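# Descriptive structure summary
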Amino acid sequence: MGNPDRTVEQNLRDIAHEAALFFEQTFPMAASLYAEPRLKRRHDDTLCEMGTGPHRPIEGLDAYLRAEQEAGRISAQADTFAAASLLLGACAQRAFAYDMSPKAKPPQSADAFAARIARTLLTGIA
């Protein structure tokens, strides 16, 4: 998930940046699934058959953070699943908040947002 030749903060920044862009681009499609229950059910069934779903990125980031924890690059007391959920949840919330408010623009670019989220999260788990 992350690049071992870079710092944890750099890896988290890259992950947050990609996640923010992903959620920004896919939020309208995801929202439409919730508007049509049959379509959502069919989509969920397909994801289940494929062995994937929206929980997978959280699990992947959790695994990366646990590896960093085992390497001693983050605190042994850090809750890696909560940290993964917080980072990806913030990226999803950013897309939701600004897509739902068409006149509102994010206060910073995806790059700046990713850097601030990564730094803030790492401060809590370092």
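Residues numbered from 1 in each chain as written. Predicted model: local features only at pLDDT ≥ 70, side-chain atom pairs only at ≥ 80, totals over all residues. Heavy atoms only, no water.

### A word on the environment of phenylalanine 23
Within the fold, phenylalanine 23 resides in helix 1 (residues 8–35). The class for phenylalanine 23 is partly exposed, based on a relative accessible area of 25%. Distance in space between the C-alpha atoms of phenylalanine 23 and cysteine 91 is 6.8 Å, their sequence separation being 68 residues. What phenylalanine 23 contacts, discounting residues up to four positions off in sequence, is Leu88, Cys91, Ala92 and Ala95. (Helix = DSSP H or I, 4+ residues; strand = E, 2+ residues; numbered from the N terminus. Buried < 20%, exposed > 50% of the residue type's maximum accessible area, 1.4 Å probe, protein only. Contact = heavy atoms within 4.5 Å.)

### Focus: the pattern of salt bridges
Taken as a whole and assessed by the stated rule, the structure comprises 8 salt bridges. The closest approach of N and O atoms between arginine 6 and aspartate 14, which form a salt bridge, is 2.2 Å. The salt bridge partner of glutamate 36 is arginine 38, with a shortest N-O separation of 3.6 Å. Looking at arginine 38, the relative accessible area reads 63%, which means it is exposed. (Salt bridge = Lys/Arg side-chain N within 4 Å of Asp/Glu carboxyl O.)

### Section: the confidence of the model for the protein chain
Taken as a whole, the protein chain shows an average pLDDT of 90; of its residues, 97% reach a score of 70 or greater. Averaged over each element, pLDDT in the protein chain is lowest for helix 2 (residues 37–50) (88) and highest for helix 3 (residues 56–70) (97). (pLDDT = per-residue confidence, 0-100.)

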